[in-house]
Structures are given as C-alpha cells and as structure tokens.
Amino acid sequence: MQENLSMNNNGTALRGQKEKRLRQYGKVIWMTGLSGAGKTTLAIHLEKELNARGYLTRIIDNDRVRSGLNRDLGFSEDDRHENLRRIAEVAKLFCETGVIVIATFISPTEFSREQARGIIGSDDFMLLYVNASIEVCEKRDVKGLYKKARIGLIPFFTGIDSPFDPPENADIEVETDRISVEEAIDKILSKIIPCVEYRK
Ligand code: ADP
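A short tour of the structure in this document, coming up. (Residues numbered from 1 in each chain as written. Predicted model: local features only at pLDDT ≥ 70, side-chain atom pairs only at ≥ 80, totals over all residues. Heavy atoms only, no water.)

## Brief notes about the overall build of the chain
The cut-off we apply is this: Only runs of H or I of at least four residues qualify as helices and only runs of E of at least two qualify as strands under DSSP, and these elements are numbered from the N terminus. Throughout, the radius of gyration refers to the C-alpha atoms, and the reference size of a globule is 2.2 Å times the residue count to the power 0.38. Partly exposed describes any residue whose relative accessible area lies between the buried limit of under 20% and the exposed limit of over 50%, with all areas from a 1.4 Å probe on protein chains only and scaled to the type maximum. By the convention used here, residues are in contact when the closest approach between their heavy atoms is within 4.5 Å. The Shrake-Rupley method, run with a 1.4 Å probe, gives the accessible areas here. Residue values count only the displayed protein chains as cover. When charges are tallied, Lys and Arg are placed among the positive residues and Asp and Glu among the negative ones, while His and the ends of the chain are skipped. Working definition for charges: the position is that of NZ of Lys, CZ of Arg, CG of Asp or CD of Glu.
Scanning the chain for helices and strands turns up eight helices and five strands. A compact globule built from 200 residues should have a C-alpha radius of gyration of about 16 Å, and the chain, at 18 Å, falls within 12% of that. In terms of principal-axis extent, the alpha carbons of the chain reach across some 60 × 40 × 30 Å. Taking all 200 residues of the chain together, the buried fraction comes to 42%. Long-range contacts, defined as pairs at least 24 residues apart, comprise 73% of the intrachain contacts of the chain with a sequence gap of at least 6. Only carbon and sulfur atoms are counted for the fraction: they give 52% of the accessible area of the chain, which is about 11,100 Å². Positive and negative side-chain charges in the chain, numbering 30 and 31 respectively, have mean positions lying 5 Å apart.

In structure tokens form, the structure reads like this:
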C-alpha cells in the first residue's frame, strides 16, 4: 500500500512527496540545436535508457505541440516566442510532478532559451546543446526541409535565412557530427543521472 500524499491548502500534494513516490527528482532537459542536429534521435534514445533504469520521463516535441496546444500559433517571431513560452510552462508542470522532461526545440535565440530557463527555474533546467554544423545538418536533411528552404518554400528557416545563436551557457554539449549516438547518450546520462537519482 502506498502512503497517502498530504495536501496543501489548495488541494495539491507537495512536490517532494511526489518525487519520493517516484524515487527521482524532476528535471527539464531542454535540447537546443539546428534542424537535423539530432535532438529527436537523442531524445528517443535518452528516454529509452532512462526508462530502462526505472525513471519516469516525458518527451515534449514540436510536432505534437503544434498540432494541439499551440495549433492557434503561426511562425511569426511573436508566435515562435509564445510557442516556446507555453512549452516551458507545460514542462514546468511535469517537472513539478517529479517527471524528467525531455524538450526538443530548435530554440535558436538566447532570449527563447533564457525565457524557458526563467519560467522553469535555473535549478530545474538543464540546457543541452545538440551541436552539428549547418553543413552536416543540411547534408543529413532528414525531413527534406533544407532542400525546401533553399528554394524558398520555407521562409525564415533556421540556419539558412534565420540565425541560430549558439548557446554560451549550455550545461551539456554533444557534437553529433563528431561522436556517435551511443557516445552522446553516455555523456548526457553521466550528467543527468546524478541530478535525478533519489538520495533520501
Ligand atoms: P532534429 O530532431 O535535431 O531535427 P533528428 O534527430 O530528426 O534531428 O535527425 C538527426 C539525424 O542525424 C538522424 O538521421 C540521425 O540518425 C543522424 N545522426 C547521426 N549521428 C548522430 C548523432 N551522433 N546523434 C544524433 N543523431 C545523429
């Protein structure tokens, strides 16, 4: 039998009790990087590895968010910021429930990443820079998006005609054009596990 969670005045249980029940600490792993850098690939592998170790995770990616929560938003600068602001708020809710969130968003500007860090809180936020050169990403062209962007079918495509500011304060960086998926995952896990494993 699980012990009952005690409630706050507003009827919500304390985060610490949920983390105790899950035997893990909530965290948001925010992946930033160019399209094709490897965010989705690494998120899937990371989730698999964390789940194999008994951790509860949640991937939040653009496709799912754009077709649901943020389907009213377009791709203007304001809408892109609003898209990321809402995502950060949702990530925070999961994190406060003790879940390890893996968020995969290009988030090309320092402003957008700092906005997410501000909403989620520095202690719960880990910035993971999935770094591959634009040349390699364009060559991979996983979804054919670079080809479309080059012939003008996708305006303001990050890395082509819209800038990507490399993060200056990433907590973790993996150069996916130099190391394998397995090496990248090992590096990421070695940074994440000490932050999420339950100690009490
Ligand atoms: P993103 O989500 O950042 O747009 P994807 O994960 O969809 O990128 O695509 C990255 C592509 O690069 C995949 O086809 C993946 O197999 C390949 N790839 C090659 N090496 C790596 C690596 N070390 N880490 C991640 N992806 C890699």
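## Considering the sheet that holds strand E3 (residues 100-104)
Sheet strands pair by backbone hydrogen bonding; their relative direction is either parallel or antiparallel. Cut-off, in case you're wondering: Strand pairing requires that DSSP identify at least two bridges connecting the strands. In this description, a line fitted to the C-alpha atoms serves as the axis of each element, helices being fitted only across the stretch in contact, and the angle between N-to-C directions of two axes falls anywhere from 0 to 180 degrees.
The strand order E2-E3-E1-E4-E5 describes an open sheet built from five strands, whose pairing is parallel. Strands at the two margins of the open sheet, each flanked by one partner only, are strand E2 (57-61) and strand E5 (172-175). Ignoring strand direction, the axes of neighbouring strands in this sheet form an average angle of 20°. As judged from the four bridges shared by strand E4 (residues 125-131) and E5, these two strands associate in the parallel manner. Note that in E5 the partner of valine 130 across the bridge is valine 174. Relative to E4, helix H5 (residues 110-120) is tilted by about 155°, and along the sheet it contacts strand E1 (27-32) and E4.

## Focus on the pairing of E1
The buried fraction of E1 is high, at six of six residues. Along E1, one buried face is formed by Lys27, Ile29 and Met31 and the opposite face, lined by Val28, Trp30 and Thr32, is buried too. Where E1 lies against E3, five bridges are found, and the strand directions are parallel. Looking at E3, one finds that isoleucine 29 is bridged to isoleucine 102. As paired elements, E1 and E4 share five bridges and run parallel to each other. Note on E4: the bridge partner recorded for isoleucine 29 is methionine 126.

## Side note on the pairing of E2
Counting buried positions over the five residues of E2 gives four, a clear majority of the element. Two elements, E2 and E3, share five bridges in a ladder whose sense is parallel. Of the residues in E3, the one forming a bridge with isoleucine 60 is alanine 103.

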